Each structure stands twice: as C-alpha cells, then as structure tokens.
Amino acid sequence: MRLTPARFFGFWAILFALVFTLSSCSDDLDVQQSYPFTVEVMPYGDKIKQGETVELRFEIKPEGNYANTLYTIRYFQYDGEGTLKLVDGPVLVNNDRVLLESKTFRLTYTAKSSQAHKLLIVIEDNFNSTPWEQTFEFNGKDSGDDDGGKIVGPIVTPVNPVIR
C-alpha cells in the first residue's frame, strides 16, 4: 500500500477528528431544574368578624418549567386566632409544610376571634430556592361596620426574594 500525501493528511484528519470528538464530550448534563417563581394573589376583603370566612386565591408563576418541581405551603399566624384551610384539602397546621397539588389553589381563612388577624404565608419549591412570602392582615369588623363589600389587595406587598 502506497503512502500518498492524501492518505497521509486523511489519516491525520481522521485521527484529529476522533480525538476532538471524544475529548469534547461530557458526562454531565446541564439541565436546569430550579427556576425562580412568583405568586400572584387575587384581591381579597380586608375586614373579617368572628365566624366569617375569607377566600384567598393564588397562582404560582415560575420563570421556567421543570416537570418534577413540587411546591409546599406553610403559614405562621402571629396575631388573632383562626383556621387556614386549602379548599378541597386539609386544614393547615401552624408552621407545618403541606404539598400543593397544583400551581393554582385557594385557601380559606375563618376567624375564631373578633380581633385583628395577621398571618405570614410561605411557598417553597423542592430545590430550596428562594421562598415566596407574604403577610396577610385582616381587621376586626364591628356589626355596624358596613363598607359595601370593599375588596382590597394585599396589605403588605410580597417580599421576594428572601435573603437568608
């Protein structure tokens, strides 16, 4: 077999291509799993009296989509007395995490006292990214207090991101 310049350069070109191909491969996949997210809250009534229920509607809005992202919710009530419940779900226990089955969900808060109510709601994903937090405040309503069903937005704007 005769060594011609074409065979000589062809051999080196194939060898170079093979080395380049094998050395440029990486076993690590760059798949982004954790995406920042925000939560939209529909307007809600800011006055509540003992025994009344207020509905809060939420929608989680992630910046990207990863199918295996799970979201949990927890809350801490630091003023007033009442119960917070996922509609079609369990009653939430103060500071216990509960898995959310959907990115759109509703909560109901039922007042058990006539004083002002304040609670912090926290939503987190399973990748320990920055959680979403918002404080909700409901003022006590007297029996003669009639504001015509006034609906307001959040009293305190969302705190996002949380710096730890």
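These figures come from a predicted structure and were not determined experimentally.

What follows deals with the overall build of the chain. Along the chain, the regular secondary structure elements total 1 helix and 9 strands. Order of helices (α) and strands (β) in the chain, N terminus to C terminus: α-β-β-β-β-β-β-β-β-β. The buried share of the chain, taken over its 164 residues, is 29%. Pairs at least 24 residues apart make up 69% of the contacts formed inside the chain by residues separated by at least 6 positions.

Let us now look at a nonpolar patch on the surface. Residues Leu-3, Phe-8, Phe-9, Phe-11, Trp-12, Leu-15 and Val-19 make up a contiguous nonpolar surface patch of about 760 Å² in total accessible area. Relative to the assigned elements, Leu-15 resides in helix H1 (residues 5–23).

For the structure on display, the rule yields 5 salt bridges. A salt bridge links Glu-124 to Arg-74, with the shortest nitrogen-to-oxygen separation between them at 3.3 Å. In this pair, Glu-124 sits in strand E8 (residues 117–125) while Arg-74 sits in strand E4 (residues 71–79), placing the two residues 50 residues apart along the sequence. With respect to burial, Glu-124 and Arg-74 carry one shared label: buried. Three or more residues are tied together by salt bridges with common partners; here these are Glu-55, Arg-57 and Arg-106.

Moving on, we come to the sheet that holds strand E1 (residues 37–41). Pairing is antiparallel across the open sheet formed by 4 strands, whose spatial order is E1-E3-E7-E5. For this open sheet the edge positions go to E1 and strand E5 (82–86), each flanked by a neighbour on one side alone. On average, each strand axis in the sheet is inclined to that of its neighbour by 25 degrees, with strand direction left out of account. The pairing of E1 with strand E3 (residues 53–62) spans 5 bridges and is classified as antiparallel. The residue of E3 that forms the bridge with Glu-40 is Glu-59.

This part takes up the sheet that holds E4. Sheet architecture is open: 5 strands sit in the order E2-E9-E8-E4-E6, paired in mixed fashion. If you trace the sheet from one side to the other, it starts and ends with strand E2 (47–48) and strand E6 (98–100), each paired once. With 7 bridges joining them, E8 and strand E9 (residues 132–140) adopt antiparallel strand pairing. Each residue of the ladder has a partner; that of Leu-120, found in E9, is Thr-135.

Okay, the environment of Gln-134 next. Checked against the element boundaries, Gln-134 lands in strand E9. A sequence separation of 15 residues divides Gln-134 from Leu-119, and the C-alpha atoms of the two residues are 8.4 Å apart.

Moving on: the layout of surface pockets. A volume near 230 Å³ is recorded for the largest pocket. Around the largest pocket, the lining comprises 13 residues; the ones closest to its centre are Leu-86, Val-87, Asp-88, Glu-101 and Phe-105. Counting only elements with at least two residues in the lining of the largest pocket, the list comes to E6 and strand E7 (104–111). When the residues that make up the lining of the largest pocket are grouped by side-chain class, the tally is 7 nonpolar, 3 polar and 3 charged.

All right, on to the nonpolar core then. By size, the foremost hydrophobic cluster in this structure holds 27 residues, and its most contacted members are Phe-58, Leu-107, Ile-121 and Ile-123. At the level of elements, E1, E3, E4, E5, E6, E7, E8 and E9 are the ones that each hand at least two residues to this core.

Time to look at empty space enclosed by the protein. With the rule as written, the count across this model stands at 1 cavity of 30 Å³ or more. Approximately 50 Å³ is the volume attributed to the largest cavity. Taken together, 10 residues form the lining of the largest cavity, with Pro-62, Gly-64, Tyr-66, Thr-69 and Tyr-71 sitting closest to its centre. Of the residues that constitute the lining of the largest cavity, the class distribution is 4 nonpolar, 4 polar and 2 charged.

Cut-offs and rules
Residues numbered from 1 in each chain as written. Predicted model: local features only at pLDDT ≥ 70, side-chain atom pairs only at ≥ 80, totals over all residues. Heavy atoms only, no water. Helix = DSSP H or I, 4+ residues; strand = E, 2+ residues; numbered from the N terminus. Buried < 20%, exposed > 50% of the residue type's maximum accessible area, 1.4 Å probe, protein only. Contact = heavy atoms within 4.5 Å. Patch = residues over 30% accessible without salt bridge, like charges linked within 9 Å, V, L, I, M, F, W, Y side chains within 5 Å. Areas by Shrake-Rupley, 256 points an atom, 1.4 Å probe, with all protein chains shown as cover. Salt bridge = Lys/Arg side-chain N within 4 Å of Asp/Glu carboxyl O. Pairing = 2+ DSSP bridges. Axes fitted to C-alpha atoms, helices over the stretch in contact; angles between N-to-C directions. 1 Å grid on protein atoms, 1.4 Å probe; cavity = no way out; pocket = protein on both sides within 12 Å on 5 of 7 lines; lining within 4 Å. Points joined across faces, edges and corners; volume = space filled by probe spheres on them. Nonpolar A, V, L, I, M, F, W, Y, C, P; charged D, E, K, R; others polar. Core = buried A, V, L, I, M, F, W, Y, C linked by side-chain atoms within 4.5 Å.

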